[in-house]
Amino acid sequence: MLNAVRRELPEYIEGYGQVKTFQGANVEQDKPVRRQVVIDKDSVDGNKVLSSLQEAMARCGLTDGMTISFHHHLRNGDHVLNMVLEEAARLGFKNLKIAASSIFPVHAPLVRHMENGVVTGLCTNYISGPVAEAVTHGLLHTPLVMHTHGGRARAIEAGDLSVDVAFLAAPSCDACGNINGVNGPAACGFLGYAIADAHYARRVVAITDNLVEYPNCPVEISQEYVDYVVPVASLGDVQGIISGTTMITRDPVGLRIAQFAAEVIAASGLLKENFSFQTGAGGISLAVAAYVREMMKKQKITGSFASGGITGYLVEMLEEGLFRAVFDVQCFDLLAVESQRRNRRHQGISASFYANPHNKGAVVNNLDVMILGATEIDKDFNVNVTTDSNGVLIGGSGGHSDTAAGAKLSIVVTKLTKVRLPIIRDAVTTITTPGETVDAVVTERGIAVNPRRGDLRQRLEQAGLLVMTIDELQEIAQAMTGKPDSLPPGRDIVAVVEYRDGTVIDVVYKV
Amino acid sequence: MDIKHPAKAGSLESNDIYVMVEPSSEEGIVLELDSIVMRQFGRHIEAAIKETVTKLGIDNIRIVAKDRGALDFTIKARVETAVKRALEE
Amino acid sequence: MEGCRRSMLFMPGNNPGMLQSAGVFSADSIIFDLEDGVSLQEKDSARLLLRNALQTFDYGGTEVVVRVNNLTGSPYGLADVEVIAPAGVAAIMLPKATEKEIILLDKMLAEIETKTERTTGSTKIFPLIETAYGLMHLKRIISSSIRIAGVLLGAEDLTADLGIKRTRDGEEIFMARCQVAIACRAAGIDAIDTPFADVQDQEGLIKDTQKAKALGLTGKAAINPRQIGLIHEVFAPSPEEVLYAREVITAMQEAEKEGKGVFSLHNKMIDAPIISRAQAVLAKARQYGWKEGENHA
């Protein structure tokens, strides 16, 4: 059957289940629910501190086939997922399902656990590195499920994703399980992606390398949710939370694109008092922030908020008074962690608060402007950030689809060609974000506006910006690169891409 | 015409191609191509390289090319440079 | 026309990525560099790469200039011209130019133009004035070919030649700037200022460009695309200038209607030079996309 972005999908996918097809970004499903949580607690005593992961697994009643979850606030410096799986493998567990909010290159040992049958299922919002490659090559027993950041929180709250044991990397924790992410040697900021796990998992284990005297203030995840506390030597390497994409690009073409994007924002009419803004990570997106900063200063605008993954750059804007607050679902560098520790207007938010489409109001819906990246875009403005042009998994939505759907103006910034590959395609390899939620594509050679946004096109043209159709942009690119040969159609499904509402927007095939 | 000695041109930078040529004991143009866009443009790049070599009047040659996403204008220039360098006394 | 080349952006001639995207920065001219921007081992490679790029890409409204190697002082210059000029460029920039070399280049270009069926004289020449000799013989250099469209002042080499220190403030090139401005204005060609070396220093770039503009130079070379926007801003007429120019032209039209030969504005006599300056300002303003009646002040 065809879904709303015209992808042919099977009705049933082995290892995934019945397919609910994507109907459109804003199509109401049944009334959303929050699942009932059974309070399955240990009645022993008040002391939650256990001596080992082995003991925690035993006390949690971990058995083969269960689902265990992890957050990714330590990003590529995380040792907790590896540590837990190493122990599970040693103890002979099989057939575990991993619900990790993201998978990074540091999680390479997971490939071995997949080969040995310790791990047979995986769901995540973003995946890169050796695990992504292994999954693409068909190494995982059941299809990988790709969520969005908001979609994962929704799935957990609704019970679509049922977590048996959440293993929470806790940078600072007391013996009763009060956790924060802003103190300790592995301080990585507010643990926004772990909140749903803490609230809805059957059992919650805090793993900490910084066990402090009771009470551990500020409390971000409280003792009411935590079953056990396991002290370990180290949660990981905090330097690893800094991703390479948190620097403003120095590439002149990238800066040119950022400048055009800033001009689009200026022309859109949204840049005024109480402006709200988010950029994805990525050199060009961050450069847009730099231009926006200049414009806000020049026009003496005080914005409402900036949100998303937060960098030192946004912290500076907050401190300059350009925004009244920052909504931080995850710190992208240590300056952001430091800011969160001392600035009350640097507000940590949960993934659900950030982006869940089914709660009573997510921050993404308050966004004026969102700057997004893209690996490929098709002529209906559908965006791929999940796979590369060879079909190999290289990322995933993260907050991409969530913010695109929520923001008043979502702008994709990209070079028109990347090492000979034209970015605008007849069809993208994988659809991550539906084109109906993308308003404009800004490249170094011109700007294409979604035909749904005639109002925006008019404003940009009036401002004298270089507006063209997406077909014209594609022609310019292909005149330079030539037309790429298309890949042979895939057969075996290795990943299912869920839209934020839990419907299936696309699948990824084995390469 | 045959080239006289091995030569190379280009680089492994993005958008460039690194081309090595050497006299070949086999007949014709022997090409070993590696490209980051092999699946999308492999056939096309191969044709561009062979066309350039043929235009330069070279009959027998061995070429090793490592492509980093170069466009045709670069591929042809780097091949021409390598061949001309290989023809110099 | 004066002001057509507010910015001339240097780009290395051997970088495929930059050759592909050189047209997207809104520079008035791009100068593809085969001289200092290319190592000795890669001169042959860069020349062919650039030739292919020129044959392949349409750089749109951006004028394409190529800085070749010195014609007599290096073994590469003559080959550069032989290979590049037939591929089609608006102008050749000649480093450390002397009259003798310009005459030689003029002859080569004429032959190439005949061979490639281009209009004789269509390929322009930009001498780079970057030696004491060049500065001293500026007038003769400029008049040695009708192809000369402008002069670029090269302060780095010039100060080295003079044995003086190059500074951020640029007081040491005050005289040279004046000389270039005067000679070029006298000949009706562009006077392009030396690039500002510190790409990070935006404030320094603005000041340096303002200085050049104040001395009569008509444009400025850039070494990074990020410098283009600021250079254009400096060379753009100010809102006050445009407003005044409009007043002058309106007053003139009214005076004509009334049959008055001489008229005044704000108690000041308006004569021919003021009118022609006002016309030049408005022409420039139109170039920047200012519309009649629009008030940017």
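Just so it is clear, the model here is predicted, and its values are computed rather than measured.

## Looking at the overall build of chain B
When its secondary structure is counted, chain B shows two helices and four strands. Mapped in sequence order, the helices and strands of chain B form the string β-β-β-α-β-α. Taking 12 Å as the expected radius of gyration for a compact globule of 89 residues, we find that chain B reaches 12 Å, a close match to that expectation. Along the first, second and third principal axes, the C-alpha atoms of chain B reach 35 × 20 × 20 Å.

## Overview of the overall build of chain A
Each helix and strand counted, chain A has 14 helices and 28 strands in total. Principal-axis analysis of the C-alpha atoms places the extent of chain A at approximately 70 × 55 × 40 Å. Restricting the contact set of chain A to residue pairs at least 6 apart, pairs at least 24 apart contribute 71%. Total accessible area computed for chain A in this model is approximately 18,800 Å², and 49% of it derives from carbon and sulfur atoms. Of the charged side chains in chain A, 46 are positive and 56 negative, and the gap between their average positions amounts to 4 Å.

## Describing the interface of chain A and chain C
Taken residue by residue, the interface counts eight residues in chain A and ten residues in chain C. Roughly 820 Å² is buried in total at the junction of chain A and chain C, and carbon and sulfur atoms are behind 60% of that figure. Taken together, chain A and chain C are joined by zero salt bridges. In this assembly, chain A and chain C are joined by three residue pairs in polar contact (both at pLDDT 80 or more). If one sorts the elements of the side of chain A that touches chain C by residue count, helix 7 (residues 252-268) of chain A sits on top with four residues.

## Comments concerning the sheet that holds strand 19 (residues 383-384) of chain A
Residue and element names in this part refer to chain A. On the basis of which strands lie adjacent, the open sheet formed by three strands has the order 19-18-23 and mixed pairing. The strands lining the two open edges of the sheet, one partner per strand, are strand 19 and strand 23 (424-425). The pairing of strand 18 (residues 376-378) with strand 23 spans two bridges and is classified as parallel. Residue pairing in the sheet places D378 in a bridge with R425 of strand 23.

## Concerning unusual backbone geometry
Residue P215(A) is reached from Y214(A) by a cis peptide bond, and omega for that bond is -5 degrees. Within the secondary structure, P215(A) is located in the loop between strand 11 (211-212) and strand 12 (228-231). A cis amide bond links C217(A) with the next residue in sequence, P218(A), at an omega value of -5 degrees. On the secondary structure map, P218(A) appears in the loop between strand 11 and strand 12. One non-glycine residue, K300(A), lies in positive phi territory at about 55 degrees. Residue E117(C) is not a glycine yet carries a positive backbone phi of 55 degrees. Along the chain, E117(C) turns up in the loop between helix 4 (99-115) and strand 5 (124-129).

## Overview of the interface of chain A and chain B
It is common to give the size of an interface as the accessible area lost on bringing the parts into contact. On the side of chain B, 16 residues touch chain A, which itself brings 15 residues to the contact. Interface area for chain A against chain B, summed over the two sides, is near 1,300 Å², with a carbon-plus-sulfur share of 55%. In terms of surface lost to chain B, no three residues of chain A exceed V419(A), R420(A) and D485(A), which account for 56% of the buried area on that side. The tally of links between chain A and chain B comes to two salt bridges. A salt bridge links D72(B) to R420(A); the nearest nitrogen and oxygen atoms lie 3.0 Å apart. Where chain A meets chain B, there are seven residue pairs in polar contact (both at pLDDT 80 or more). Listed by contribution, the elements that provide at least two residues to the side of chain A that touches chain B are strand 22 (421-422) and helix 14 (470-481) of chain A. Residue composition of the side of chain A that touches chain B, grouped by class: eight nonpolar, four polar and three charged.

## Section: the environment of N82(A)
Looking at where N82(A) falls in the secondary structure, it is placed in helix 2 (residues 80-90). Excluding anything up to four places from it in sequence, N82(A) contacts V106(A), H107(A) and P109(A).

## Structural notes on the packing of aromatic side chains
Describing an aromatic ring pair means giving the distance of the ring centres and the angle of the ring planes. Scanning the entire structure with this criterion turns up nine aromatic pairs over all chains. Between F275(A) and F277(A), the aromatic rings sit 5.7 Å apart at their centres with planes inclined by 25 degrees, giving stacked as the arrangement. Each member of the pair, F275(A) together with F277(A), is buried. Both rings, one in F73(B) and one in F57(C), keep their centres 4.9 Å apart while their planes meet at 80 degrees; by these two values the pair is edge-to-face. Taken together, the positions of F73(B) in helix 2 (residues 72-87) and F57(C) in the loop between helix 2 (43-56) and strand 3 (63-67) put the pair across two chains. Note on accessibility: F73(B) and F57(C) belong to one class, buried. Among the aromatic residues, those joined into a cluster by ring pairs are F73(B), F32(C), F57(C) and Y59(C).

## Comments concerning the pattern of salt bridges
Residues and elements named next belong to chain A. Counted according to the given criterion, the structure contains 61 salt bridges over all chains. Among the ionic pairs, E86 bridges to R112, the shortest N-O distance being 3.1 Å. Here E86 is found in helix 2, whereas its partner R112 is found in helix 3 (residues 109-115), with 26 residues between them in sequence. According to the relative accessible area criterion, E86 is partly exposed, its value standing at 40%.

## Quick word on the side chain of R203(A)
Residue and element names in this part refer to chain A. Along the chain, R203 falls in strand 10 (residues 203-208). Within polar-contact distance, the side chain of R203 engages the backbone oxygen of R59 at 3.3 Å. Sequence-distant contacts of R203, that is, excluding residues within four places in its chain, are made with D40, K41, D42, R59, C60, D164, V165, A166, D227 and Y228.

## Comments concerning the domain arrangement of chain A
Residues and elements named next belong to chain A. Looking at chain A, the domain boundaries give domain 1 (47-238) and domain 2 (244-484). The straight-line distance from the C-alpha centre of domain 1 to that of domain 2 is 29 Å. With both sides pooled, the region where domain 1 packs onto domain 2 buries about 2,300 Å², and carbon together with sulfur makes up 62% of that total. Together, R154, F190 and Y193 form the three largest contributors to the area buried by domain 1 at its contact with domain 2, with a combined 20%. The tally of links between domain 1 and domain 2 comes to zero salt bridges. Linking domain 1 with domain 2 are 14 residue pairs in polar contact (both at pLDDT 80 or more), by the criterion used here. Mapped onto the side of domain 1 that touches domain 2, the elements with two or more residues apiece are helix 4 (130-136), strand 6 (144-146) and helix 5 (149-158). Examining the composition of the side of domain 1 that touches domain 2, we find that six residues originate from one element, helix 5, more than from any other. Grouping the amino acids of the side of domain 1 that touches domain 2 by side-chain chemistry returns 14 nonpolar, 13 polar and four charged.

## Observations concerning the pairing of strand 2 (residues 29-33) of chain C
All names here are of chain C. The element strand 2 is extensively covered by neighbouring structure, given that five of its five residues are classed as buried. Of the two faces of strand 2, the one carrying S29, I31 and D33 and the one carrying I30 and F32 are both buried. By the bridge criterion, five bridges tie strand 1 (residues 7-12) to strand 2 in an arrangement that is parallel. Across the sheet, L9 pairs through a bridge with I30, a residue of strand 2. Crossover connection from strand 1 via helix 1 (residues 16-21) to parallel strand 2: handedness right-handed. Bridge analysis of strand 2 against strand 3 gives five bridges, and the strand direction is parallel.

## Description of the packing of helix 2 of chain C against helix 3 (residues 77-84) of chain C
Residue and element names in this part refer to chain C. For the pair helix 2 and helix 3, interaxial distance at closest approach is 10 Å and the crossing angle is 20 degrees. Between helix 2 and helix 3, the interaxial angle falls into the category roughly parallel. As for the relative orientation of helix 2 and helix 3, their crossing is right-handed in sense. Side by side, helix 2 and helix 3 meet where R47, L48, L50, R51 and L54 of the first sit next to A79, D80, V83 and I84 of the second. Class assignment of the residues belonging to the contact of helix 2 with helix 3 gives a composition of six nonpolar, no polar and three charged.

What counts, and at which threshold
- Residues numbered from 1 in each chain as written.
- Chains lettered and ligands numbered in written order.
- Predicted model: local features only at pLDDT ≥ 70, side-chain atom pairs only at ≥ 80, totals over all residues.
- Heavy atoms only, no water.
- Helix = DSSP H or I, 4+ residues; strand = E, 2+ residues; numbered from the N terminus.
- Rg over C-alpha atoms; globule rule 2.2 N^0.38 Å.
- Contact = heavy atoms within 4.5 Å.
- Areas by Shrake-Rupley, 256 points an atom, 1.4 Å probe, with all protein chains shown as cover.
- Lys, Arg positive; Asp, Glu negative; His and termini not counted.
- Charge placed at Lys NZ, Arg CZ, Asp CG, Glu CD.
- Buried area = accessible area lost by both parts, 1.4 Å probe.
- Salt bridge = Lys/Arg side-chain N within 4 Å of Asp/Glu carboxyl O.
- Polar contact = N/O pair within 3.5 Å; in protein donor to acceptor, adjacent residues only side chain to side chain.
- Pairing = 2+ DSSP bridges.
- Nonpolar A, V, L, I, M, F, W, Y, C, P; charged D, E, K, R; others polar.
- Phe/Tyr/Trp six-rings, centres within 6.5 Å; stacked < 30°, edge-to-face > 60°.
- Buried < 20%, exposed > 50% of the residue type's maximum accessible area, 1.4 Å probe, protein only.
- Domains from an automatic or database assignment.
- Right-handed = clockwise from strand over helix to strand, strands pointing away.
- Axes fitted to C-alpha atoms, helices over the stretch in contact; angles between N-to-C directions.
- Parallel < 35°, antiparallel > 145°, perpendicular 65-115°, else oblique.
- Left-handed = near helix turned anticlockwise from the far one by under 90°.

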